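Chain residues, written in single-letter form:
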Amino acid sequence: MPDHPWQQLPFEGAIAYFRDKRNVDTDSWRDIQGTEYDAAFAVAGAKGALLQDMRDAVDKAIAQGTTLQEFRKDFNRIVQTRGWDYAGDRDWRTYAIYDTNLRSAYAAGRWEQIQEGKASRPFLQWRHGGSRDPRPLHLALDKQVFRVDDPFWQTMGSPPIGFSCRCAVFALKQRDVDRLGLSVTEGPEIGSVFKDSIVQPDPGWGGGHGRSTPETRRNLLVNITKRLHPTLAMQVEQEARFASLRMSKEFGQVEAAQLQVIRDRAASIEAEIDDLPRADGLYSVIEEIGAARPELFRGLIDGLGDLQASSIVTTTTDALVLNHLATAPWNLRGMPETGQQLRRAGSRLIAEVARESIALGYEGRIRLSPSPEVASFYLKNGFKAEGDRMVLTPAAAQQLIQQYP
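Below is a short write-up of the structure. Computed from a predicted model, the values in this text were never measured in an experiment.

1. A word on the overall build of the chain
Regarding its fold elements, the chain presents 15 helices and 14 strands. Looking at the chain as a whole, 49% of its 405 residues are labelled buried. In the chain, of all internal contacts separated by at least 6 residues, the share reaching a separation of at least 24 is 67%. As displayed, the chain has an accessible area near 20200 Å², and 50% of this comes from carbon and sulfur atoms.

2. Topic: the environment of Gly206
As for its placement among the helices and strands, Gly206 is situated in the loop between β7 (197-198) and α8 (214-227). The exposure class assigned to Gly206 is buried, which follows from its relative accessible area of 14%. Each C-alpha atom, one on Gly206 and one on Pro159, is 9.1 Å from the other, the two residues being 47 residues apart in sequence. Here Gly206 is in contact with Gly34, Thr35, Thr155, Met156 and Pro201, once residues within four sequence places are set aside.

3. Here's the deal with helix α4 (residues 90-116)
Between its terminal C-alpha atoms α4 stretches 39 Å, which fits the 39 Å expected from 27 residues at 1.5 Å a residue. Put simply, Asp89 is the residue that caps the front of α4, since its side-chain oxygen is 3.0 Å from the backbone nitrogen of Asp91.

4. Some details on the sheet that holds strand β3 (residues 123-127)
Sheet strands pair via backbone hydrogen bonds, and the direction of the pair is either parallel or antiparallel. Taken together, the 3 strands give an open sheet; going across it, the order is β4-β3-β5, and neighbouring strands pair in antiparallel fashion. Two strands bound the open sheet, and with one partner strand each, they are β4 (145-147) and β5 (168-172). When the angles between neighbouring strand axes are averaged without regard to direction, this sheet yields 30 degrees.

5. Some points on the packing of aromatic side chains
Here the structure, examined in full by the defined rule, presents 14 aromatic pairs. By the ring-pair criterion, three or more aromatic residues cluster together here, those being Trp126, Phe146, Phe152 and Trp153. It is Arg55 that lies over the ring of Phe18; its NZ or CZ is 5.3 Å from the centre. The positively charged end of Arg211 is found above the aromatic ring belonging to Trp111, 3.5 Å away from the centroid.

6. So, the layout of surface pockets
Once rolled over the atoms, a probe with the size of a water molecule shows which space is left empty. Approximately 660 Å³ is the volume attributed to the second largest pocket. Contributing to the lining of the second largest pocket are 34 residues, with Trp29, Tyr37, Ala42, Ala44 and Phe163 lying nearest its centre. Taken together, the residues of the lining of the second largest pocket sort by class into 17 nonpolar, 13 polar and 4 charged.

Quick notes on the rules
- Residues numbered from 1 in each chain as written.
- Predicted model: local features only at pLDDT ≥ 70, side-chain atom pairs only at ≥ 80, totals over all residues.
- Heavy atoms only, no water.
- Helix = DSSP H or I, 4+ residues; strand = E, 2+ residues; numbered from the N terminus.
- Buried < 20%, exposed > 50% of the residue type's maximum accessible area, 1.4 Å probe, protein only.
- Contact = heavy atoms within 4.5 Å.
- Areas by Shrake-Rupley, 256 points an atom, 1.4 Å probe, with all protein chains shown as cover.
- Expected span 1.5 Å × (residues − 1).
- Polar contact = N/O pair within 3.5 Å; in protein donor to acceptor, adjacent residues only side chain to side chain.
- Pairing = 2+ DSSP bridges.
- Axes fitted to C-alpha atoms, helices over the stretch in contact; angles between N-to-C directions.
- Phe/Tyr/Trp six-rings, centres within 6.5 Å; stacked < 30°, edge-to-face > 60°.
- Lys NZ or Arg CZ within 6 Å of the ring centre and 35° of its normal.
- 1 Å grid on protein atoms, 1.4 Å probe; cavity = no way out; pocket = protein on both sides within 12 Å on 5 of 7 lines; lining within 4 Å.
- Points joined across faces, edges and corners; volume = space filled by probe spheres on them.
- Nonpolar A, V, L, I, M, F, W, Y, C, P; charged D, E, K, R; others polar.

Here is the structure:
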């Protein structure tokens, strides 16, 4: 039997929760607090490539169910390769990274399941984890039952709510409550006294795991960058904007507000006057098409939720047809505040469409009819001319996908 619930894999909810985070370089564990961990992956003092290596090792542990011993081997390799002079004992440090991230991801996945099933199981019971050195508050909460929608689960959060916390929650039906002779009460408020213990999570914890929406995660990242040292803030912004680009199959997933963000930013970028109305009008057309025919719309969303590239795609008997492709204006001219660019957003979107072509049985084939002035762009991305059309072959599609994993 697995030693931990996350070794009963794959648990897609935990995997998705962890992979939706953005790397945040930090100097101290105090740089990230509470619900900010819904949006951020951080290892105190780790930055850049070192932090990414740690993230890969944690991701492997969550996705493959690797043990703490295996994680420690990865940790030793990373430390040796990157030359990291970390603080604290090696066994304690590796346990803290491994246990905290895996328990939090598992709890977030469970919270999603709890929300999906709360119509039939509307109650949650706190169960103490049996620690040899228990926290008094956790013991006081043992076997307490509150409604799933009780504010307690949002403010205090569900376990874990501290380092090495092994408590858990169990969803109950009304008949479970009746059969066990339990009482459903209101959860205590943060700062109040409950059975001689002050109700508060451990420092750096609280607010639960997996509670935030895409919009709140975006705001959390913005708040983090405001608080960090300017150098770290720039790195966080770059990571959030350029990493983990993802596909949006339906226009409804791209809020209309994001289109307004594109227009606002385009208006703030120095460019020729006739360029800006064209960009604004282009996205107005996309908005109309996406709203009317969402099955045609494909969008590339960055880590902050902004629409970076978009396309209109239709199907035929032998290929996907790319009828339209556009890139957000600042990808060509640079971000107005940082001067950085999201390079090759259009190419990345084509790679995503190629993946979809494979999934639909077209083996990666994409067909289009480009205007002469943009034909060179598609040639650079592996398309071949066939008369007045261009085609991405299966072999070229595989190469493009490998280039943009």
